[in-house]
Structure formats: structure tokens, C-alpha cells
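# Survey of secondary and tertiary structure
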Amino acid sequence: QQRNYIAEVKKMTGGGKYKINTYGCQMNEHDSELLAGMLTEMGYAPTESDKEADVILFNTCCVRDNAERRVSGNIGALAGLKRSRPDLVIGVCGCMMQQEGVAEKLLRLRPYIDLVFGTHNLHRFPQLLHNAIASGHRVVEVDQSTAGRIAEHLPQRRANAFQGYLTIMYGCNNFCSYCIVPYVRGRERSRASARIIEEARELKADGVKEIMLLGQNVNSYGLDVEGELSFAQLLSELDKVGIERIRFMTSHPKDISDELIDVMASGKHICHALHLPVQHGNNRILQSMNRRYTREKYLERVEAIRSKVPDISLTTDLIVGYPGETEEEFEETCSLVEQVGYDSAFTFIYSPRVGTRAADMPDQIPEEVSSRRIQKLIALQKDVTHKRYANYIGQVHSVLVEESSRRDENQMAGKNEYNITVNFPGDKSLIGQIVRVKITSAGESTLRGERVE
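Below is a short write-up of the structure. (Residues numbered from 1 in each chain as written. Predicted model: local features only at pLDDT ≥ 70, side-chain atom pairs only at ≥ 80, totals over all residues. Heavy atoms only, no water.)

### Observations concerning the packing of aromatic side chains
With the rule as written, the count across this model stands at seven aromatic pairs. For the ring pair Phe175 and Tyr183, a centre distance of 5.3 Å and an interplane angle of 80° mean the geometry is edge-to-face. Judged by relative accessible area, Tyr183 falls into the partly exposed class, the value being 38%. An angle of 75° between the planes, with centres 5.1 Å apart, marks the rings of Phe231 and Phe248 as edge-to-face. Linking Phe231 in helix α10 (residues 231-241) with Phe248 in strand β11 (residues 245-249), this pair joins segments that are 17 residues apart in sequence. (Phe/Tyr/Trp six-rings, centres within 6.5 Å; stacked < 30°, edge-to-face > 60°. Buried < 20%, exposed > 50% of the residue type's maximum accessible area, 1.4 Å probe, protein only. Helix = DSSP H or I, 4+ residues; strand = E, 2+ residues; numbered from the N terminus.)

Below, the structure is given as C-alpha cells:
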């Protein structure tokens, strides 16, 4: 049915240009690739210019409050353009639209929005766009009833030819006290392993050198489907496909199995990089967050990983200013950072999300206290990163070249097997290739090196 609407929109508009503004995680980035794929089949071409675009989409995130404010502000900036070009279609989709009451509030604030749909309605985008253009009226579809559905074989337009996202599951069952994701992405739904493996083969045939497996919690893949592969078994099967690099995120520490560690250790193509969000270093806070592991259990898993994969690059997420966090409890996060020795960390000040348990908790931390704490944590992680990166100097790494430097086109940049950006002298003919680079020095968040044959 959606194929018919794709053809109808193409016939009705003759094509045009589109711009997609993406906020948030890799899942959203991949959703934007699917939207771009559908728009391409409708005859639209991408543009970076608002003034040139016939369709402007905002693919939103609701994990943090500032993302919502940015979206509203950026849509507000289009008011004048919409007045001068009434035929311009402005659409808003993604997680923010799934939050109760948010779509209504945004539509009151920005009445010139033409199209609103949620994460569960993405596969119906051609029909929704067709209805908005054909009727000239606003179209809104945020439907929870389709939350259990997995739409397959959607067209996609990848950001580049040599890297591909591969979603293995949707949703989340964990209900961490601070997190809105299970409410907007729905419960966990695993895609069929046969279809995932088939898609991986298609990506390999298309010249893709690196895939990123996506899921809110990839470690619980298959648990919702009787007789399905475990995540470790799926990873092992994907390793056999022969794509040169496999990455995955995100992993919940409570579900890191010995089987998965063994597959990572023995795999030929699985990158030795693991994003393992700990969120906090104190057991009372972890329990309040509903993380379902202790500091001790987390450290035991880190030790298990490092014993089998000694060169593993570990990264994490950390929250400061969670309701009721004392100075001593914050210091336990700092000591955990030093104890684990992460290559890098994403640090966040706790952001209350309406509808989550933590938003209603007493003892919300004052902003000035959270700001002071996060500055200390950032400075600490900077020192830890510096020490970790110093260990890479002298090593030869495999680097998938992604782009030339914006400041110097004779400098290339790409990710090594540890998911760290490496800069080195080269030319644009290397983009999309995996080259060997000897690390010569380390910056704050990148490595520098020289190509070796």
C-alpha cells in the first residue's frame, strides 16, 4: 500500500527537494536514513538549504530537555519561510512526538506545522505525506496501537556508501527510573535473525565495510521470541557474513553474558570496542535508577571482558545530579571512572522527564550543584582519556577513512577498531578504505598518526 502512495506523491509533485534535521541517537539517525530512502523513491533530492527544500522534517529526540527546546526553536525559525512559501511541508516526527501531550503543545506553539507522526508510524510516512499535500490540511498520526509491529523492507538512503546501520530490535523493557525511552519506543521487539543476516549480506554486496547493530538493549535480543537466536549467537552468525567490521550498541551491563564475551574474543570482524553505560558509581543510586546491577557486579563484568579481550576499548554514559545524590555518592562515580579507566565517557546532568518515576522524586539537585559536579567529572575523565590514549602511541591501527579534515583537506580522519577518531596525512581517494596507521601522538579526543604500508 505504501508503494502506491510513493508513486502517487511522485506523480502529484514531480519530486522536489528535502531536508531532514536529526536529533538524538543512532536509532534516530537510521530512522532518518529510512525517511530519506522513502523521499528518494518519491522523486525528492536532498538539500542542506531550508530555502531550497520542499519538505523539511524534524526527527526528534526526547531523552534530554534541551533537545526539545532546540527542536521548538529551530521550527520557530521557519515561520517566515512558511509564510512566504505556503506549499512548503514542515513535518515533525520521532520520539518527542510519542510523549503524551507534547505534539499538542508543539502544534499550539507552531501552528504552521503540516505533518506530525510518531516512531511507530514511520513506515506510513508516504501515505501521511500524500494526505498532507493532497488535502492541504494538517495530518497528525501518533498511534500506540502499531507499537508491536515491525515493518520490513523499507527503502533507505545511507549517509555514506561504506557504513551501514542494521537495527536488530526495537523498544526497551528496562524502565530505568530516569528514562522516557520505553514509553516512546515501546516494548522490546526482536527482528527475525534470518532477515537480519539477509540484510547484512545485502549490505556486504553493496560494498559496506562496517555495520553498526542497533537496539536500545542489544544484549536482550531474541528473548521475546521463542526459539530465536541469542544476541551472542546472532553476532557469531553475522561475523561469518564477512563484513570487515561489526560494531553494536547499546549494551545493558546486567545482560553482558560470558557467551557474548567469548564471541567478541573469537570473532574475526567484531570490533574490540564496547559501550557499557554504567550511569552511576553508587549502589543506592543504581537501585533507585532501577539499573538492576551493583557497582561490584559491573566491575566483575568489566574484569571478565578484559580477561578475554585485553585490548577492549570501554566507553560509558554517566549521570550526575540524580535526585537525592549526595556529594559522597557523586564521588563514588568519580572513583569508578578512575577504577575502570574508560577510553571516553558521555556525561550528562540529570534531566527530569515527565512521566518517569525520577521526575516525581524528592530532593531534586540544584542546577549549580549539578554543574559543579559535572565539570569535575569531565575534567577527571579528560585525564583518564589522556592516559588511555597515551598507551596507543606506537601501535599500528586499522582505520576506516571517513572524511577529509574541514581545516586541512590533506588530513584524513576515520575510526580505528576501538572507535576512536584518528587523523593522518592522506588524500580523498582513501575515503571508504581501511588503511593501516601508526599512532604518533594523542589529542584530547582523537589520535594522530602516519600511514604505513
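### Regarding the pairing of strand β16 (residues 411-415)
Sheet topology note: the strand β15 (residues 396-404)/β16 ladder contains four bridges and is antiparallel. Its bridge partner lying in β16, Val401 is registered against Gly414. Joining the antiparallel neighbours β15 and β16 is a turn of six residues. Strand direction decides the pairing type here: β16 and strand β17 (residues 421-425), joined by five bridges, are antiparallel. (Pairing = 2+ DSSP bridges.)

### Here's the deal with the packing of helix α14 (residues 327-340) against helix α15 (residues 367-390)
Two numbers describe a pair of packed helices, the interaxial angle and the distance between the axes. Packing of α14 against α15 leaves a shortest axis separation of 10 Å and a crossing angle of 15°. Considering their axes alone, α14 and α15 lie roughly parallel with respect to each other. Considering how the two elements wind past one another, α14 and α15 form a crossing that is right-handed. For the pair formed by α14 and α15, the contact residues are Glu327, Phe330, Glu331, Thr333, Cys334, Val337 and Glu338 on the first element and Arg372, Arg373, Lys376, Leu377, Leu380, Gln381 and Val384 on the second. Residue composition of the contact of α14 with α15, by class: six nonpolar, two polar and six charged. (Axes fitted to C-alpha atoms, helices over the stretch in contact; angles between N-to-C directions. Parallel < 35°, antiparallel > 145°, perpendicular 65-115°, else oblique. Left-handed = near helix turned anticlockwise from the far one by under 90°. Contact = heavy atoms within 4.5 Å. Nonpolar A, V, L, I, M, F, W, Y, C, P; charged D, E, K, R; others polar.)

### Observations concerning the sheet that holds strand β13 (residues 313-320)
Spatially, three strands are ordered β12-β13-β14 in an open sheet, and the strand pairing comes out parallel. A strand with exactly one partner marks an edge of an open sheet, and here the two such strands are β12 (273-275) and β14 (344-349). Averaged over neighbouring strand pairs, the angle between their axes works out to 15° when direction is ignored. Of the strands in this sheet, β13 and β14 touch α15, which is tilted by about 180° from β14.

### Let's talk about the layout of surface pockets
Quantified by volume, the second largest pocket comes out at close to 470 Å³. Surrounding the second largest pocket, 25 residues form its lining, His30, Leu34, Ala151, Leu154 and Tyr170 being those nearest its centre. (1 Å grid on protein atoms, 1.4 Å probe; cavity = no way out; pocket = protein on both sides within 12 Å on 5 of 7 lines; lining within 4 Å. Points joined across faces, edges and corners; volume = space filled by probe spheres on them.)

### Observations concerning the nonpolar core
Considering soluble globular proteins, one finds that nonpolar side chains tend to be buried as a cluster. Grouped together as the largest cluster of nonpolar side chains are 52 residues, with contacts concentrated most on Ile168, Leu213, Phe231, Leu235 and Phe248. Top contributing element to this core by residue count: α10, with six residues. If sequence neighbours within four positions are ignored, Phe248 has contacts with Met212, Leu213, Val218, Phe231, Leu235, Met264, Ile270 and Leu274. Core analysis: the second largest hydrophobic core is formed by 26 residues, Ala53, Met96, Val102 and Leu107 among them. (Core = buried A, V, L, I, M, F, W, Y, C linked by side-chain atoms within 4.5 Å.)

### What to know about the environment of Glu332
For Glu332, the position within the fold is in helix α14. Overall, Glu332 belongs to the partly exposed group, its relative accessible area being 30%. Between the C-alpha atom of Glu332 and that of Arg292, which follows or precedes it by 40 residues, the distance is 18 Å. Dropping the residues within four chain positions of it, Glu332 is found in contact with Gly281, Asn282 and Arg295.

### Considerations on the side chain of Gln98
As for its placement among the helices and strands, Gln98 is situated in helix α5 (residues 95-98). Its relative accessible area of 6% is what places Gln98 among the buried residues. From its side chain, Gln98 meets the backbone nitrogen of His120 in a polar contact 3.5 Å long. (Polar contact = N/O pair within 3.5 Å; in protein donor to acceptor, adjacent residues only side chain to side chain.)

### Comments concerning the packing of helix α1 (residues 2-13) against helix α7 (residues 125-135)
One can describe the packing of α1 onto α7 by two numbers: an axis separation of 8 Å at closest approach and a directional angle of 35°. Seen from above, α1 lies across α7 with left-handed handedness. On α7, the residues that touch Gln2, Tyr5, Ile6, Glu8, Val9, Met12 and Thr13 of α1 are Phe125, Pro126, Gln127, Leu129, His130, Asn131, Ile133 and Ala134. Here the contact of α1 with α7 is built from residues that sort into nine nonpolar, five polar and one charged.

### Thoughts on unusual backbone geometry
Cis geometry is found at the peptide bond from Met249 to Thr250, where omega equals 5°. Positionally, Thr250 belongs in the loop between β11 and α11 (258-266). Even without being glycine, Asn290 reaches a positive phi, approximately 65°. Positive phi is not limited to glycine here, since Asp363 has a value of about 60°. Relative to the assigned elements, Asp363 resides in the loop between β14 and α15.

### A look at the state of the cysteines
Two cysteines joined by a covalent bond between their sulfur atoms form a disulfide. Within this structure, the stated rule accounts for zero disulfides. With no disulfide partner, Cys62 has as its closest neighbouring cysteine sulfur the one in Cys95, 5.1 Å distant. Judged by its relative accessible area of 0%, Cys62 falls in the buried class. Overall, the relative accessible area of 8% leaves Cys95 in the buried class. (Disulfide = S-S within 2.5 Å.)

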